[in-house]
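# Close look at the chain arrangement
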Amino acid sequence: MNITSTPNGWKVNVSSAPVTGTPPNGQMQFSIGGNQDEFLRAPKLVAKDPASGVDTTYVPVYYANLFLENRLLMGANWNGNTWSLIPQILSTSELASMSSTQLGQYNIEFKKVLPFAGENVVRHVPSSQILVSNPKSASMFGENFISINGTHYPSNEFDVVDSWTGTIQGNAFMIEVDKQVNGSKYIVGVMHGKQISL
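A few points on the structure. (Residues numbered from 1 in each chain as written. Predicted model: local features only at pLDDT ≥ 70, side-chain atom pairs only at ≥ 80, totals over all residues. Heavy atoms only, no water.)

Moving on, we come to the overall build of the protein. Within the protein one finds three helices and 15 strands. Looking at the protein as a whole, 32% of its 198 residues qualify as buried. In the protein, once contacts between residues fewer than 6 apart in sequence are set aside, the share between residues at least 24 apart is 44%. Working note: accessible area of the protein is about 11,700 Å², and carbon and sulfur atoms make up 52% of it. (Helix = DSSP H or I, 4+ residues; strand = E, 2+ residues; numbered from the N terminus. Buried < 20%, exposed > 50% of the residue type's maximum accessible area, 1.4 Å probe, protein only. Contact = heavy atoms within 4.5 Å. Areas by Shrake-Rupley, 256 points an atom, 1.4 Å probe, with all protein chains shown as cover.)

Side chains that differ in sign of charge can pair as their charged atoms come close. Scanning all chains against the criterion turns up two salt bridges. For K48, the salt bridge identified is with D55, shortest N-O distance 3.3 Å. The class for K48 is exposed, based on a relative accessible area of 56%. Between D162 and R123 there is a salt bridge whose closest N-O contact spans 2.4 Å. Of this pair, D162 sits in strand β12 (residues 158-168) while R123 sits in strand β8 (residues 119-124), and the two are 39 residues apart along the sequence. Taking the relative accessible area as the measure of exposure, D162 reaches 10% and is therefore buried. Taking the relative accessible area as the measure of exposure, R123 reaches 45% and is therefore partly exposed. (Salt bridge = Lys/Arg side-chain N within 4 Å of Asp/Glu carboxyl O.)

The next thing to look at is unusual backbone geometry. Located in the positive-phi region is A138, a residue other than glycine, with phi close to 55 degrees. Take A138: it is sitting in the loop between β9 (130-131) and β10 (144-146).

Pairing geometry for strand β6 (residues 75-78) and strand β7 (residues 83-86), over four bridges, is antiparallel. Within the sheet, the bridge partner assigned to A76 lies in β7 and is L85. (Pairing = 2+ DSSP bridges.)

Position of I130 among the secondary structure elements: in strand β9. Apart from the residues within four sequence positions on either side, I130 is in contact with K136, S137, F158, D159 and V160.

By size, the foremost hydrophobic cluster in this structure holds 10 residues: M28, F30, L40, A42, A64, F67, L68, L72, M74 and A76. Within the residue set of this core, elements represented by two or more residues are β2 (27-32), β3 (37-43) and α1 (61-71). Top element by residues in this core is α1. It accounts for three residues. When sequence neighbours within four positions are dropped, the list of residues in contact with L68 reads L73, M74, A76, W83 and L85. Of all hydrophobic cores here, the second largest spans eight residues; its members include M140, F141, F145 and V160. (Core = buried A, V, L, I, M, F, W, Y, C linked by side-chain atoms within 4.5 Å.)

This is the structure we're talking about:
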């Protein structure tokens, strides 16, 4: 797979890129700009195309996703039937204008950390699960969550499992992910400035 040029305005992760050159037998490479910059090698699968009978090289979706996510910083998810792709989110205004539903849907769809465009972004993963209601959790929530549809969730029934802080356009933001202690519900909270939404 060869991406002939980087889309205008996109960032590309070239850290720890392998040495360029011809891949060994049984491997293929994903690159940008021909062989100048090689970013990922993967197993090469060759089999006869059922329709034409011609030998065809197949690209494993797993490795294609690694290339798209880790090198082109895209969102990529294959669910067995559908390949969902989204471009990079680089504009701070784009990220700042995303609703909490869009932010939460990104995590659900692509199962990865949001491609933040903010500054001073820090991820805070608790060393052990701690209740939202515990002051040591540094949670953005008080005694109760109140969702968009008005549902109340007691904060002493959820653990903080992940969060990020930073700034976007000079305003502090925080994204918090909480999991129900005895259940399968997750709550994603987004705070931008002083405004909190679920």
